[in-house]
Amino acid sequence: MEFKINKARFDQRLAELAKIGARQDGGVSRLALTDEDKAARDLVVGWMKELNLQVHIDQVGNLIGILPGKTAEEPVVMGSHIDTVPAGGRFDGAAGVLAGLEVLETIQEQKIQTRRPIAVIAFTNEEGVRYRTDMIGSRAFCGFLSPKQAYAARGTDGSNFGEELKRIGYAGEFLCGSLHPHAYVEYHIEQGPVLDQQQITVGVVTGITGISWQEVTIEGQANHAGTTPTAMRHDAGLAAARVIVYLRELANSLGENQRATCGTIAFLPNAINVIPAKAVFSVDLRNSDESVLMEAELRLGDFLKRVEGEDGVSINTVQLARIQPEACHPDIITAITQSAQDFDYRHRVMMSGAVHDALIMARYCPTGMIFVPSKNGISHSPAEYTSLDDLEAGANVLCHTVLNLSKR
Ligand code: HGY
Ligand code: MN
Ligand code: MN
């Protein structure tokens, strides 16, 4: 029987981190580069130091903790994020970072010396809620986005990424692009219903969905709600509503792997008796098939033109984020499957419909992901829950996967 991680210690760290940004309803709000994010970073860095890891803060604030190996070969890297969506759960992201720490502590206790170093990383602004390019930290880590580009990002609250990073004391000096992993393994809750419904403990991820984020601005004409005849209206609010309804039709028409969501909307001037002059809203399109995702973007573009003509409004779009789907690396898939088998955990292969830092890392180094069940498939909600037994199982698989990859 393989040795296991310390489940109580893992649980304790999860509980401790969940206190930062904790909400009355049991959820967590810890947006990137806020005071809550700073407090969470301080806690995680403190834990990294307690474990005597080599700690680096890179130029975009990624937290890197390295357990040296017998050689200075490329490290095996674990990671995820500690920022959350507003009113998110305790596990999205945090579970992956803290499982990584737990794995490193377990390896130290077992007095195992690996050939390769093993590292854990907490990436900055994975969610992309405050700064709406998601996964900014991992993009910059890989050199796909320059630190300068990251610093220039504007927040939804008018803040500036570079200034906020400095303000919270996490504008580090470790150079982005200077660490190339031998492999990257991300542990994460599934955030969907598959494992829970099928009562399977471990998901072995084969690929991650592609994603397209746009901000749509519709401009019409403000006018009086009582006097303006229906036929004379240029109602930006109505036009936005038509687009939102169309998003569902788009998803239904492009097959079960197509997702389409409007998650934010604002009307101007936002008054009960004024026809909206302006509507600004977000569109999140996803598909695991790049060609279908492109088709969704094209169809949406056509529909926006149609609404412009029919409603007498003007529509502009800005692409906030766009990334193609990626497959996980066969060697990592095999290593994860092997570890799950060694523990006799029920496991299955599956795609990820959520995006993760692993989607970015997959273009940089061999990458894989381990999923554990989300109760009732709920995530990005205070109701997010994963049992401690499942959390432990995933961390055990993570531990033995990275040990195998780093040549114990
Ligand atoms: O949006 C996502 O899929 C992820 O949770 N950031
Ligand atoms: Mn996540
Ligand atoms: Mn998330």
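Since we're looking at a predicted model, the values are computed, not measured. (Residues numbered from 1 in each chain as written. Chains lettered and ligands numbered in written order. Predicted model: local features only at pLDDT ≥ 70, side-chain atom pairs only at ≥ 80, totals over all residues. Heavy atoms only, no water.)

## Considering the pattern of salt bridges
Two side chains carrying opposite charge are able to pair once their charged atoms lie near each other.
Part 1 of the argument: Evaluation of the coordinates by the stated rule reveals 27 salt bridges.
Part 2 of the argument: Measuring nitrogen to oxygen at the nearest pair gives 2.9 Å for the salt bridge that ties R286 to D284. Like R286, the residue D284 is buried in the burial classification.
Part 3 of the argument: The network of salt bridges with common partners includes R9, R13, E102, E105 and E109. (Salt bridge = Lys/Arg side-chain N within 4 Å of Asp/Glu carboxyl O. Buried < 20%, exposed > 50% of the residue type's maximum accessible area, 1.4 Å probe, protein only.)

## Looking at the coordination of the manganese ion (ligand 3)
Part 1 of the argument: Every protein donor of the manganese ion (ligand 3) is accounted for by D92 (OD), E127 (OE), E127 (OE) and H380 (NE2), and the metal-donor separations fall at 2.0 to 2.7 Å.
Part 2 of the argument: Going along the chain, you hit the donors of the manganese ion (ligand 3) in the pattern D-x34-E-x252-H.
Part 3 of the argument: In this model, the manganese ion (ligand 3) sits 3.6 Å from the manganese ion (ligand 2), the two metals being bridged by D92. In this pair, E127 sits in the loop between β4 (118–123) and α4 (136–141) while H380 sits in the loop between β16 (367–372) and α12 (388–405), placing the two residues 253 residues apart along the sequence.
Part 4 of the argument: Judged by relative accessible area, E127 falls into the buried class, the value being 8%. (Donors = N, O, S within 2.8 Å, 3.2 Å for Na, K, Ca; no water. Helix = DSSP H or I, 4+ residues; strand = E, 2+ residues; numbered from the N terminus.)

## Looking at the layout of surface pockets
Part 1 of the argument: In this structure, the second largest pocket occupies an estimated 180 Å³ of space.
Part 2 of the argument: If you go around the second largest pocket, the residues you meet are Q214, E297, L300, G301, L304, K305, E308, I315, N316, T317 and Q319.
Part 3 of the argument: Top element by residues in the lining of the second largest pocket is helix α9 (residues 290–311). It accounts for six residues.
Part 4 of the argument: Its residues assigned to classes, the lining of the second largest pocket shows three nonpolar, five polar and three charged. (1 Å grid on protein atoms, 1.4 Å probe; cavity = no way out; pocket = protein on both sides within 12 Å on 5 of 7 lines; lining within 4 Å. Points joined across faces, edges and corners; volume = space filled by probe spheres on them. Nonpolar A, V, L, I, M, F, W, Y, C, P; charged D, E, K, R; others polar.)

## Observations concerning the coordination of the manganese ion (ligand 2)
Part 1 of the argument: On the protein side, the manganese ion (ligand 2) has H81 (NE2), D92 (OD) and H188 (NE2) as donor atoms, found 2.0 to 2.2 Å from it.
Part 2 of the argument: One chain supplies every donor to the manganese ion (ligand 2), and in sequence these donors are spaced H-x10-D-x95-H.
Part 3 of the argument: Classification of H188 as buried rests on a relative accessible area of 1%.

## Side note on the domain arrangement of the chain
A common measure of how large an interface is: the accessible area buried when the components associate.
Part 1 of the argument: In terms of domains, the chain is made up of domain 1 (7–208 + 325–406) and domain 2 (210–323).
Part 2 of the argument: Taking only C-alpha atoms, the centre of domain 1 and the centre of domain 2 are 33 Å apart.
Part 3 of the argument: Note on domain 1 versus domain 2: buried area summed over both sides is about 1100 Å², and carbon and sulfur give 59% of it.
Part 4 of the argument: Counting across the interface, domain 1 meets domain 2 through one salt bridge.
Part 5 of the argument: Close ionic contact of R132 with E215 constitutes a salt bridge, the shortest N to O distance being 2.4 Å.
Part 6 of the argument: In this structure, the connection of domain 1 to domain 2 is made through three residue pairs in polar contact (both at pLDDT 80 or more).
Part 7 of the argument: For the side of domain 1 that touches domain 2, the per-class residue count stands at eight nonpolar, three polar and five charged. (Domains from an automatic or database assignment. Buried area = accessible area lost by both parts, 1.4 Å probe. Polar contact = N/O pair within 3.5 Å; in protein donor to acceptor, adjacent residues only side chain to side chain.)

## A closer look at the site of ligand 1
Part 1 of the argument: All residues adjacent to ligand 1 are E126, E127, R286, A354, V355 and H380.
Part 2 of the argument: Contact distances for ligand 1 include 2.8 Å between an oxygen atom and a backbone N or O atom of V355.
Part 3 of the argument: Tallied by class, residues from the shell around ligand 1 come to two nonpolar, one polar and three charged. (Near = heavy atom within 4 Å.)

## Points about the packing of aromatic side chains
Part 1 of the argument: Applying the stated criterion across every chain, the model contains nine aromatic pairs.
Part 2 of the argument: Ring geometry for F123 against F141: centres 5.7 Å apart, planes inclined by 80 degrees, an arrangement best described as edge-to-face. Within this pair, whereas F123 is found in strand β4, its partner F141 is found in helix α4, the two being separated by 18 residues in sequence.
Part 3 of the argument: With a relative accessible area of 2%, F123 lands in the buried category.
Part 4 of the argument: A relative accessible area of 2% places F141 in the buried class.
Part 5 of the argument: Relative to Y345, the ring of F343 lies with its centre 5.3 Å away and its plane at 15 degrees, an arrangement referred to as stacked.
Part 6 of the argument: A residue is classified by how much of its surface remains accessible, and F343, at 6% relative accessible area, is buried.
Part 7 of the argument: By relative accessible area, which is 15% here, Y345 ends up buried.
Part 8 of the argument: If you follow R13 out to its NZ or CZ, it ends over the ring of W47, 5.5 Å from the centre. (Phe/Tyr/Trp six-rings, centres within 6.5 Å; stacked < 30°, edge-to-face > 60°. Lys NZ or Arg CZ within 6 Å of the ring centre and 35° of its normal.)

## Describing the side chain of R130
Part 1 of the argument: Mapping R130 onto the fold places it in the loop between β4 and α4.
Part 2 of the argument: Among the polar contacts made by the side chain of R130, one reaches the main-chain carbonyl oxygen of L33 at a distance of 3.2 Å.
Part 3 of the argument: Side-chain polar atoms of R130 contact the side chain of S159, separated by 3.2 Å.
Part 4 of the argument: Setting aside residues up to four positions removed in sequence, R130 forms contacts with L31, A32, L33, T34, N125, R154, G155, T156, D157, S159 and E164. (Contact = heavy atoms within 4.5 Å.)

## A look at the side chain of H188
Part 1 of the argument: Position of H188 among the secondary structure elements: in strand β5 (residues 183–189).
Part 2 of the argument: In this structure, H188 is in contact with S80, H81, D92, G93, H356, M369, I370, F371 and V372, ignoring residues within four places of it in sequence.

## Remarks on helix α1 (residues 7–18)
Part 1 of the argument: An ideal rise of 1.5 Å per residue puts 16 Å on twelve residues; α1 measures up with 16 Å between its terminal C-alpha atoms.
Part 2 of the argument: Every buried residue of α1 is accounted for by R9, F10, R13, L14, L17 and A18.
Part 3 of the argument: Those residues of α1 that are buried are in contact with α2 (35–50), α3 (94–109), β5 and α12.
Part 4 of the argument: With a side-chain oxygen positioned 3.2 Å from the backbone nitrogen of A8, the residue opening α1 is N6. (Expected span 1.5 Å × (residues − 1).)

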